[in-house]
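The lines below spell out each chain.
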There are 2 protein chains.
Amino acid sequence: MLEKTTFALRGHILHTPTPRAIVCMPESYLVCEEGKTAGVFTELPERFKGIPVEDCGDRLVIPGLVDLHLHAPQYSFRALGMDLELLDWLNTHTFPEEAKYADPAYAGRAYRIFADDLAVSPTTRAAVFGTIHRPATELLMDLIEETGVRALVGKVNMDRNSPDILREESAAASLEDTARWISETKGKYRNVAPILTPRFTPSCTDELMEGLGKLQRETGLPVQSHLSENFSEIAWVKELCPWSGCYGGAYDRFGLFGGDAPTIMAHCVHSTGEEIDLMQARGVFIAHCAQSNTNLASGVAPVRAYLDRGMKVGLGTDIAGGFSLSVFRAMADAVQASKLRWRLLDDSLRPLTVPEAFYLGTKGGGEFFGKVGSFEEGYEFDAVVLDDSGFPHPQALTPVERLERILYLDDGRCVRGKYVAGARVR
Amino acid sequence: MLEKTTFALRGHILHTPTPRAIVCMPESYLVCEEGKTAGVFTELPERFKGIPVEDCGDRLVIPGLVDLHLHAPQYSFRALGMDLELLDWLNTHTFPEEAKYADPAYAGRAYRIFADDLAVSPTTRAAVFGTIHRPATELLMDLIEETGVRALVGKVNMDRNSPDILREESAAASLEDTARWISETKGKYRNVAPILTPRFTPSCTDELMEGLGKLQRETGLPVQSHLSENFSEIAWVKELCPWSGCYGGAYDRFGLFGGDAPTIMAHCVHSTGEEIDLMQARGVFIAHCAQSNTNLASGVAPVRAYLDRGMKVGLGTDIAGGFSLSVFRAMADAVQASKLRWRLLDDSLRPLTVPEAFYLGTKGGGEFFGKVGSFEEGYEFDAVVLDDSGFPHPQALTPVERLERILYLDDGRCVRGKYVAGARVR
């Protein structure tokens, strides 16, 4: 099989084994051995002499980028109608658009546009929301499979507080459809797998959550949802689940909050101390979505605090609360939002640095997928080759400076090659 | 002459005569008569029958974008080293880079890169800082002249609190060099003209400011500088000019703050009530630079308050506090920053809307250049033709929705034609 070969890329190799600094090995060999990274070497070691070497010249080679949170059906209205806060935005723009995916023809047209853009992006791993519609979600999985990107894709569950056109008939119907979808898709793909996806507490009854927790224990599938994004949302959850000490507790009660159920929670902008403790205890991954949290005026998550505590954090583009599918942009946005948070709200939390943002968008989120997002030995070989010749500079720059520039300036034209788990996909 | 012809563009015509809404006339004729806009018509009026018509098909036609503040010499290090606040950033990155422009060969290489990117951008008007170096600044003016963009370009004045390599010998020397530069450049170009450019109060002695004020009265030239960007800067000005009630007063005392001296002040993030009153009384133009103010953690200017008072406000990219030369990006950044300001700092000032941001980046800043930035009758014919086919959508969108998408998604590939004062420059 293509991804099981052994080869090397030669170029300027950069990655962030820790958030503290971008490690650069200029003019070096990044060796892929049977789909895994064997190491980065200034000269090819004896045991690799003779393996194929792809010369990337003066280009940069970085780990593939990881998008921990996005909604594929919302790609069709990205960059539109962001003058509302979360709950109004959902009712006015999001739910009517998602309802259209009941029509497989529409879903096919829209998801094709999404998949085409995902394919050419520097993203190699993603956690993706679909809609409540099983056929459309399977179509989405088929299309992502073709891109070579490794993705966890979720058929969404919603059985309350949603418009008629986007609400499943009952908890039982939702669970039955979800079980069928899992049996139809689990193990079917090379690159794509299902992930349990209760939309968020307000749109899922306790009965549905109970059933999804049971399904999680039976299948071992991971979980993704939303948490503490917006003040009105949090107040609503308090009303709906008065028995829970925090919003996160409303997932945890049903076994859908980390622990044995690997879980991504998007946002965590306004998490309480209790909720943060619970996330840390359960090993929940936080998908930090700075652009979306800005566009919907939700606020800025205290990522510095999460990092200082050693919690698990990655980045999400959160299409279409976010308008950009670029994880480079998500990195820049994370840095920028942290600066305004520091200046306007709380100067006890230092702004994020560029190396920290790069870490979050590679290894930080990558760890949800296993050993992913770094070029340390034994990590899956996800790599992207970048050409920044479109941004000429009057003097020589170091590779680290060039990467910093790409992070801010990438316009979608830098990617010249993409490898996922050892397979070249672009 | 090329720009004095009469012709029409046919397409979807959009502009913002007021900040309240984007006005769209789909499938209409935008008529240019002798360099000025004659109007937008659904059918060509009798008197224009037979004029050349450029059919833009399904493309959008908007006013050229206006960049009220940017530093051309800093383009070479955009997107690098933005982990510092203003004064440290100036000393660490900016001043050493600007010192290199003493070498005309370096200036030529670096300014060529800037001018090439400006030429292909949707910007048609700009107010530009050079460096203290007269030859390099004249070179910059030569290069911008070729782009067709109408620009005010400033040789910078600095005679204190600057490193030796970037400080003029004395106030007298600075003034003499400035007078020579004005005599060499005023009236020399079709597109480019000089603008007086004291860098900011900390780097200009009272003697220099006094002389620049005199020069302004003699020449009638406009003025550009910086105002109330960062707390440390403001505190420093208070020390340097204890006689002034506010930072702005330190320009006003020398006749460099609006009134008979048309003036752009960049930033105005932390202006006091006294300063705001003075700006309004003097008709000072504010260049709002949201991205730069985020990158350097300066804060977010209260643009909503400025608009509510009917003050004059436009947008600046502020290269290289800002990393992007795109005024579309400056519009999106202005909206986004206003949302975080509203959420994190002061919920009495509603976030900016997309139409307001579009107004700021066209007519708002354009008024500094005269009747510029709108398609109302008699406005100079600055127009940009946009192709958004690179952002496919599964359903039809209105032209206003398409423009909103471009504002957020433009990656530098949308511009298909550019006209400045009636002349096609791209």
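Residues numbered from 1 in each chain as written. Chains lettered and ligands numbered in written order. Predicted model: local features only at pLDDT ≥ 70, side-chain atom pairs only at ≥ 80, totals over all residues. Heavy atoms only, no water.

## Let's talk about the overall build of chain A
Here's step 1: When you go through chain A residue by residue, the secondary structure sums to 13 helices and 17 strands.
Here's step 2: Rg of the C-alpha trace for chain A: 21 Å, near the compact-globule value of 22 Å for 426 residues, within the 12% margin.
Here's step 3: On the principal axes, the C-alpha backbone points of chain A span a range of 60 × 50 × 40 Å.
Here's step 4: Residues classed as buried in chain A amount to 66% of the 426 residues present.
Here's step 5: Here the contacts in chain A between residues at least 6 apart in sequence split such that 75% fall between residues at least 24 apart.
Here's step 6: Carbon and sulfur atoms form 50% of the exposed surface of chain A, whose accessible area is close to 14,100 Å².
Here's step 7: With 44 positive and 58 negative side-chain charges, chain A shows a spacing of 3 Å between the two charge centroids. (Helix = DSSP H or I, 4+ residues; strand = E, 2+ residues; numbered from the N terminus. Rg over C-alpha atoms; globule rule 2.2 N^0.38 Å. Buried < 20%, exposed > 50% of the residue type's maximum accessible area, 1.4 Å probe, protein only. Contact = heavy atoms within 4.5 Å. Areas by Shrake-Rupley, 256 points an atom, 1.4 Å probe, with all protein chains shown as cover. Lys, Arg positive; Asp, Glu negative; His and termini not counted. Charge placed at Lys NZ, Arg CZ, Asp CG, Glu CD.)

## Quick look at the UniProt feature "domain: Amidohydrolase-related" (unreviewed entry) in chain A
Here's step 1: The positions UniProt marks with the feature "domain: Amidohydrolase-related" (unreviewed entry) are residues 60-423 of chain A.
Here's step 2: Helix makes up 42% of residues 60-423 of chain A and strand 16%, with an end-to-end C-alpha separation of 18 Å. (UniProt positions renumbered as here; feature names shortened; annotations may be inferred.)

## Brief notes about the relation of the copies chain A and chain B
Here's step 1: Take chain A, turn it by 180 degrees, move it 0.0 Å along the axis, and it overlays chain B with an RMSD of 0.0 Å. Seen this way, the second copy is the image of the first under a two-fold rotation axis. Scanning chain A for the C-alpha nearest the rotation axis identifies D411 of chain A, at a separation of 2.7 Å.
Here's step 2: The fraction of interface residues of chain A whose copies in chain B are also interface residues reaches 100%, indicating that both copies meet through the same surface. (Least-squares fit on C-alpha atoms with pLDDT ≥ 70 in both.)

## Points about the pattern of salt bridges
When the charged atoms of two side chains lie near each other, side chains of opposite charge can form a pair.
Residues and elements named next belong to chain B.
Here's step 1: Under the defined criterion, the tally for this structure stands at 56 salt bridges over all chains.
Here's step 2: With its nearest N and O atoms 2.9 Å apart, the salt bridge here joins R402 to D388. Here R402, found in helix 13 (residues 399-409), pairs with D388, found in the loop between strand 15 (383-386) and helix 13; they are 14 residues apart in sequence, far enough to count as distant. For the pair R402 and D388, a shared accessibility class is recorded, and that class is buried. (Salt bridge = Lys/Arg side-chain N within 4 Å of Asp/Glu carboxyl O.)

## Remarks on empty space enclosed by the protein
Here's step 1: Under the counting rule described, the total for this entry stands at 11 cavities of 30 Å³ or more.
Here's step 2: Of the pockets and cavities examined, the largest cavity occupies roughly 180 Å³.
Here's step 3: Along its surface, the largest cavity is lined by 15 residues, and T294 and Q336 of chain A together with T294, D333 and Q336 of chain B are the ones closest to its centre.
Here's step 4: If you tally residues by element for the lining of the largest cavity, the top one is helix 11 (residues 327-344) of chain B, at 5 residues.
Here's step 5: Taken together, the residues of the lining of the largest cavity sort by class into 6 nonpolar, 6 polar and 3 charged. (1 Å grid on protein atoms, 1.4 Å probe; cavity = no way out; pocket = protein on both sides within 12 Å on 5 of 7 lines; lining within 4 Å. Points joined across faces, edges and corners; volume = space filled by probe spheres on them. Nonpolar A, V, L, I, M, F, W, Y, C, P; charged D, E, K, R; others polar.)

## Here we look at the sheet that holds strand 14 (residues 312-315) of chain B
Residues and elements named next belong to chain B.
Here's step 1: The strand order across the open sheet built from 4 strands is 11-12-13-14, with neighbouring strands paired in parallel fashion. With one partner strand each, in any of the chains shown, strand 11 (223-227) and strand 14 form the two edges of the open sheet. Strand-to-strand, the axes of this sheet are offset by a mean angle of 30 degrees, without reference to chain direction. (Pairing = 2+ DSSP bridges. Axes fitted to C-alpha atoms, helices over the stretch in contact; angles between N-to-C directions.)

## Some thoughts on the interface of chain A and chain B
Bring the parts together and some accessible area is lost; that lost area is often taken as the interface size.
Here's step 1: If you look at the interface, chain A gives 48 residues, while chain B gives 48 residues.
Here's step 2: Together, the buried faces of chain A and chain B total about 4,300 Å²; carbon and sulfur atoms form 61% of this surface.
Here's step 3: The three residues of chain A that bury the most area against chain B are R343, L344 and P394 of chain A, which together make up 15% of that side's buried surface.
Here's step 4: Where chain A meets chain B, there are 2 salt bridges.
Here's step 5: At the junction of chain A with chain B, the criterion picks out 19 residue pairs in polar contact (both at pLDDT 80 or more).
Here's step 6: Only helix 2 (104-120), helix 9 (290-295), helix 11 (327-344) and helix 13 (399-409) of chain A provide two or more residues apiece to the side of chain A that touches chain B.
Here's step 7: Counting residues per element, the side of chain A that touches chain B draws most heavily on helix 11 of chain A, which supplies 8 residues. (Buried area = accessible area lost by both parts, 1.4 Å probe. Polar contact = N/O pair within 3.5 Å; in protein donor to acceptor, adjacent residues only side chain to side chain.)

## Describing the domain arrangement of chain A
Residues and elements named next belong to chain A.
Here's step 1: Partitioning chain A into structural domains gives domain 1 (2-63 + 374-424) and domain 2 (65-369).
Here's step 2: Put simply, the middle of domain 1 and the middle of domain 2, counted by C-alpha atoms, are 29 Å apart.
Here's step 3: Taken together, the contacts link 29 residues of domain 1 with 29 residues of domain 2.
Here's step 4: Carbon and sulfur atoms make up 63% of the area that domain 1 and domain 2 hide from each other, which totals about 2,300 Å².
Here's step 5: Considering only the side of domain 1, the residues that lose the most area to domain 2 are P19, L407 and K418, jointly responsible for 28% of the buried surface there.
Here's step 6: Summed over the shared surface of domain 1 and domain 2, the number is 3 salt bridges.
Here's step 7: Put simply, R125 and E380 hold a salt bridge, and the shortest N to O gap is 3.3 Å.
Here's step 8: The tally of links from domain 1 across to domain 2 stands at 10 residue pairs in polar contact (both at pLDDT 80 or more). (Domains from an automatic or database assignment.)

## Looking at the state of the cysteines
Here's step 1: Counting across every chain of the model gives 0 disulfides over all chains.
Here's step 2: Here C32 of chain B is not cross-linked by a disulfide; its sulfur's nearest cysteine counterpart is in C56 of chain B, at 13 Å. (Disulfide = S-S within 2.5 Å.)

## Details of the packing of helix 4 (residues 171-185) of chain A against helix 5 (residues 206-219) of chain A
Residue and element names in this part refer to chain A.
Here's step 1: Relative to each other, helix 4 and helix 5 sit at 20 degrees, their axes nearing to 9 Å. Between helix 4 and helix 5, the crossing angle belongs to the class labelled roughly parallel. Considering only the axes of helix 4 and helix 5, their crossing is right-handed. Residue-level inspection shows A171, S174, L175, T178, A179 and I182 of helix 4 in contact with helix 5, the latter providing E207, L208, G211, L212, L215 and T219.
Here's step 2: Along the lines of polarity and charge, the residues of the contact of helix 4 with helix 5 split into 7 nonpolar, 4 polar and 1 charged. (Parallel < 35°, antiparallel > 145°, perpendicular 65-115°, else oblique. Left-handed = near helix turned anticlockwise from the far one by under 90°.)

## Examining the environment of K238 of chain A
All names here are of chain A.
Here's step 1: With respect to the element layout, K238 can be found in helix 6 (residues 231-240).
Here's step 2: The exposed category is assigned to K238, whose relative accessible area is 61%.
Here's step 3: Taking the C-alpha atoms as reference, K238 lies 9.8 Å from P202; in sequence the two are 36 residues apart.

## Digging into the sheet that holds strand 7 (residues 150-154) of chain B
Residues and elements named next belong to chain B.
Here's step 1: Read across the sheet, 4 strands follow the order 5-6-7-9 without closing on themselves; strand pairing throughout is parallel. Whereas interior strands pair on both sides, the edge strands pair on one side only; in this sheet they are strand 5 (65-71) and strand 9 (192-194). Along the sheet, successive strands turn relative to each other by an average axial angle of 15 degrees, direction set aside.
Here's step 2: Relative to strand 6 (residues 123-129), strand 5 runs parallel, the two being bridged by 5 bridges. Paired with D67 across the strands is A126, a residue of strand 6.

## Here we look at the pairing of strand 2 (residues 23-33) of chain A
Residues and elements named next belong to chain A.
Here's step 1: As paired elements, strand 1 (residues 7-15) and strand 2 share 8 bridges and run antiparallel to each other. Each bridged residue has a counterpart across the sheet, and for I13 the counterpart in strand 2 is M25.
Here's step 2: Of the strand pairs in this sheet, strand 2 and strand 3 (residues 36-41) are connected by 5 bridges, and their pairing is antiparallel. Paired with Y29 across the two strands is F41, which belongs to strand 3.

## A look at the side chain of H393 of chain B
Here's step 1: Mapped onto the fold, H393 of chain B is located in the loop between strand 15 and helix 13.
Here's step 2: A distance of 2.4 Å separates a polar atom in the side chain of H393 of chain B from the backbone oxygen of S76 of chain A.
Here's step 3: Within polar-contact distance, the side chain of H393 of chain B engages the backbone oxygen of Q395 of chain B at 2.7 Å.

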